[in-house]
Protein chains: 2
Amino acid sequence: MIYVIGIGPGHPSHMTYRATEALSESQVIVGYKTYIDLIRHLIDHKEIVENGMKREVERCAKAIEIAKTGKDVAVISSGDAGVYGMAGLILELIGEQDIPVEIVPGVTASSAAASIAGAPLMHDFCHISLSDLMTPLEKIEKRVRAAIQGDFVICFYNPRSKGRPDHLAKAFEWIKEETAVDLQVSVVKDAYREDQAVSYHTLLNMDFDVVDMTSLVIIGNSTTLRLAGRMVTPRGYAL
Amino acid sequence: MIYVIGIGPGHPSHMTYRATEALSESQVIVGYKTYIDLIRHLIDHKEIVENGMKREVERCAKAIEIAKTGKDVAVISSGDAGVYGMAGLILELIGEQDIPVEIVPGVTASSAAASIAGAPLMHDFCHISLSDLMTPLEKIEKRVRAAIQGDFVICFYNPRSKGRPDHLAKAFEWIKEETAVDLQVSVVKDAYREDQAVSYHTLLNMDFDVVDMTSLVIIGNSTTLRLAGRMVTPRGYAL
């Protein structure tokens with residue numbers, strides 16, 4: 001049995017009961033070291049297989065190999081395992097093999113970040129990863145432009161890293177070419193982790209230096225506003 | 001104090017610890033009757049304020065009124081309170097008033113549905129509500145077309161109801177005008193509730209009759225495939 005578990009944003013209180021239950025039912029826990037660290041206190045005495053970034057295929061292949069020996073294995077992702085997480089890779093590697101899988105959903109990063117920034121996701125929104133490790137930058141650009149043309153709220157995952165320090169600034173340039181509105185922006189860093197921080201900006205007044213790999217950047221739609229300090233996208237109720 | 005709580009898809013095991021904790025800290029629970037029913041066993045002996053659909057403003061105003069008397073109040077949404085939920089309305093109605101609010105994120109409907117259908121949300125995706133109660137249909141059409149132009153996976157919330165039986169079929173026509181690909185489609189009804197059901201279709205072979213108000217419809221992007229029966233959007237790993 002393989003459980004693919006979304007452990008939520010980071011703090012154990014934002015995990016689901018099913019996630020902790022599936023962890024406790026597993027004999028082996030497989031994951032990226034940084035995420036294993038978040039739940040290490042929950043998996044004492046378990047066999048742990050952890051490795052570094054960009055080793056996802058190796059990690060998932062290992063989990064499948066262990067499952068084939070008859071052990072119950074948990075593969076963990078932060079947030080929701082089904083959103084840019086390990087669920088797809090596990091299913092792709094299993095293919096037609098007869099190995100039971102349960103995908104345990106979790107609180108995804110956009111929900112966690114939004115709850116700290118205010119209520120920016122009250123209307124139609126999209127997720128775009130700014131990592132071009134596996135997606136050509138031209139495709140990312142096309143998506144960003146389409147999202148603004150559709151007046152979606154945008155959540156940027158993987159907004160900025162040492163390897164791609166300028167992608168977010170590029171994305172802001174594309175957005176400015178598509179809209180004349182000075183859209184609201186919030187940056188939530190380390191939601192529900194130790195160094196949690198939120199900051200508010202706009203398209204024209206942005207501080208890119210507050211953004212790093214563990215940040216999520218939310219761009220409002222044309223109606224999003226700042227209200228008592230928070231970022232709110234009205235749903236459209238008559239008040 | 002007002003807690004705005006996302007209770008997740010329906011089954012208590014997919015709630016977070018913080019959600020149940022915030023419920024137990026509250027003296028009064030306010031919510032739409034159908035969602036109250038999902039957690040009624042958790043809120044025995046609490047004061048409950050429940051009402052029907054389309055009474056959201058009244059419900060949230062009532063919660064704020066109760067909070068002003070000094071009581072701790074929980075306002076519940078299914079899924080994540082920050083995604084088409086009550087978080088925005090509460091913040092809008094509070095405005096500049098000094099009432100403390102905690103938004104407790106939950107597992108949103110798209111994460112729940114995706115975990116049952118396979119792993120369709122492995123790449124950039126968007127949420128679009130097909131309800132035109134508060135959004136003109138022209139705006140919804142513009143968003144659907146933009147989403148396909150950007151090759152996003154699409155999650156349709158509120159896909160079909162008695163009052164708008166044809167919106168989903170209309171959306172499919174718009175999509176067909178924007179792409180020549182016969183996109184993968186899955187429908188997840190009542191995720192993690194009693195009548196849970198999943199079905200798989202494509203853009204050109206769709207059964208609209210399986211879709212109702214409590215369904216979530218996922219449209220794949222141009223690379224999404226059926227794999228061992230499940231719906232999977234490859235993230236792009238070299239396998």
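Since the model is a prediction, treat every value here as computed from it, not as a measurement.

A. Region of the structure containing the overall build of chain A. When helices and strands are tallied, chain A shows seven helices and 13 strands. At 19 Å, chain A has a C-alpha radius of gyration in line with the 18 Å of a compact globule built from 239 residues. Counting only C-alpha atoms, chain A reaches 60 × 35 × 35 Å along its principal axes. Look at the contacts in chain A between residues 6 or more apart in sequence, and 69% of them connect residues 24 or more apart. A total of about 9,000 Å² of accessible surface is found on chain A, and carbon and sulfur atoms cover 50% of it. Between the centroid of the 24 positive side chains of chain A and the centroid of its 31 negative side chains there is a distance of 2 Å.

B. Fine view of the packing of aromatic side chains. On inspection of all chains with the given rule, the structure shows seven aromatic pairs over all chains. Aromatic side chains A:Tyr32 and A:Tyr35 sit 4.9 Å apart centroid to centroid with 90° between the ring planes, which places their arrangement in the edge-to-face category. Since its relative accessible area comes to 16%, A:Tyr32 is described here as buried. What makes A:Tyr35 partly exposed here is its relative accessible area of 23%. Plain terms: the ring middles of B:Phe172 and B:Phe208 are 5.0 Å apart, the flat faces sit at 80° to each other, and that makes the pair edge-to-face. Here B:Phe172 is found in helix 7 (residues 167–178), whereas its partner B:Phe208 is found in the loop between strand 10 (197–202) and strand 11 (215–219), with 36 residues between them in sequence. On the accessibility criterion, B:Phe172 (1% relative accessible area) is buried. On the accessibility criterion, B:Phe208 (23% relative accessible area) is partly exposed.

C. Just the confidence of the model for chain A, in detail. Of the residues in chain A, 100% have a pLDDT of 70 or more, and the chain-wide mean is 96. The ipTM value of the predicted complex is 0.97, and its pTM value is 0.97.

D. Molecular detail of the sheet that holds strand 12 (residues 225–227) of chain B. All names here are of chain B. Taken in spatial order, the three strands of this open sheet run 6-13-12, and their pairing is mixed. The outermost strands of the open sheet, each flanked by one partner alone, are strand 6 (118–119) and strand 12. As paired elements, strand 12 and strand 13 (residues 230–232) share three bridges and run antiparallel to each other. Its bridge partner being in strand 13, Leu-225 is matched across the sheet by Val-232.

E. Main features of the interface of chain B and chain A. Taken together, the 71 residues of chain B in the interface contact 71 residues of chain A. Of the roughly 6,300 Å² buried between chain B and chain A on both sides combined, carbon and sulfur atoms contribute 61%. Summed over the three residues of chain B that lose the most area to chain A, namely B:Tyr17, B:Arg143 and B:Tyr237, the buried surface amounts to 12% of that side. A salt bridge links A:Arg143 to B:Asp124; its shortest N-O distance comes to 2.9 Å. Between chain B and chain A we count 30 residue pairs in polar contact (both at pLDDT 80 or more) in total. Its residues assigned to classes, the side of chain B that touches chain A shows 36 nonpolar, 23 polar and twelve charged. Sheet analysis places strand 7 (residues 125–129) of chain A next to strand 7 (residues 125–129) of chain B, joined by three bridges and oriented antiparallel. When the sheet's bridge partners are listed, A:Cys126 is paired in strand 7 of chain B with B:Cys126.

F. A look at helix 5 (residues 109–117) of chain B. Summarising burial for helix 5 of chain B: eight of the nine residues are buried, a large majority. Just beyond helix 5 of chain B, the residue with positive phi is B:Gly118, at close to 140°.

G. How the structure looks around the nonpolar core. Among the nonpolar cores identified, the biggest contains 50 residues, and A:Ile128, A:Phe156, A:Ile219, B:Ile128, B:Phe156 and B:Ile219 are the most heavily contacted of them. Ignoring anything within four residues of it in the chain, the contact list for B:Ile128 reads A:Asp124, A:Phe152, B:Tyr84, B:Ile140, B:Arg143, B:Val144, B:Ala147, B:Ile154, B:Cys155, B:Phe156 and B:Tyr157. In this structure, A:Leu121, A:Met231, B:Val83 and B:Ile116 belong to the second largest nonpolar core, which totals 38 residues.

H. Molecular detail of the packing of helix 6 (residues 137–149) of chain B against helix 7 of chain B. Residues and elements named next belong to chain B. The contact between helix 6 and helix 7 brings their axes to 9 Å, and the two run at 40°. Here helix 6 is positioned oblique relative to helix 7, judged by the angle of their axes. With respect to the hand of their crossing, helix 6 and helix 7 are arranged in right-handed fashion. Contacts from Leu-137, Ile-140, Glu-141, Val-144, Arg-145, Ile-148 and Gln-149 in helix 6 reach His-167, Lys-170, Ala-171, Trp-174, Ile-175, Glu-177 and Glu-178 in helix 7. Residues that form the contact of helix 6 with helix 7 fall into these classes: seven nonpolar, two polar and five charged.

Reading the values: rules and limits
- Residues numbered from 1 in each chain as written.
- Chains lettered and ligands numbered in written order.
- Predicted model: local features only at pLDDT ≥ 70, side-chain atom pairs only at ≥ 80, totals over all residues.
- Heavy atoms only, no water.
- Helix = DSSP H or I, 4+ residues; strand = E, 2+ residues; numbered from the N terminus.
- Rg over C-alpha atoms; globule rule 2.2 N^0.38 Å.
- Contact = heavy atoms within 4.5 Å.
- Areas by Shrake-Rupley, 256 points an atom, 1.4 Å probe, with all protein chains shown as cover.
- Lys, Arg positive; Asp, Glu negative; His and termini not counted.
- Charge placed at Lys NZ, Arg CZ, Asp CG, Glu CD.
- Phe/Tyr/Trp six-rings, centres within 6.5 Å; stacked < 30°, edge-to-face > 60°.
- Buried < 20%, exposed > 50% of the residue type's maximum accessible area, 1.4 Å probe, protein only.
- pLDDT = per-residue confidence, 0-100.
- Pairing = 2+ DSSP bridges.
- Buried area = accessible area lost by both parts, 1.4 Å probe.
- Salt bridge = Lys/Arg side-chain N within 4 Å of Asp/Glu carboxyl O.
- Polar contact = N/O pair within 3.5 Å; in protein donor to acceptor, adjacent residues only side chain to side chain.
- Nonpolar A, V, L, I, M, F, W, Y, C, P; charged D, E, K, R; others polar.
- Core = buried A, V, L, I, M, F, W, Y, C linked by side-chain atoms within 4.5 Å.
- Axes fitted to C-alpha atoms, helices over the stretch in contact; angles between N-to-C directions.
- Parallel < 35°, antiparallel > 145°, perpendicular 65-115°, else oblique.
- Left-handed = near helix turned anticlockwise from the far one by under 90°.

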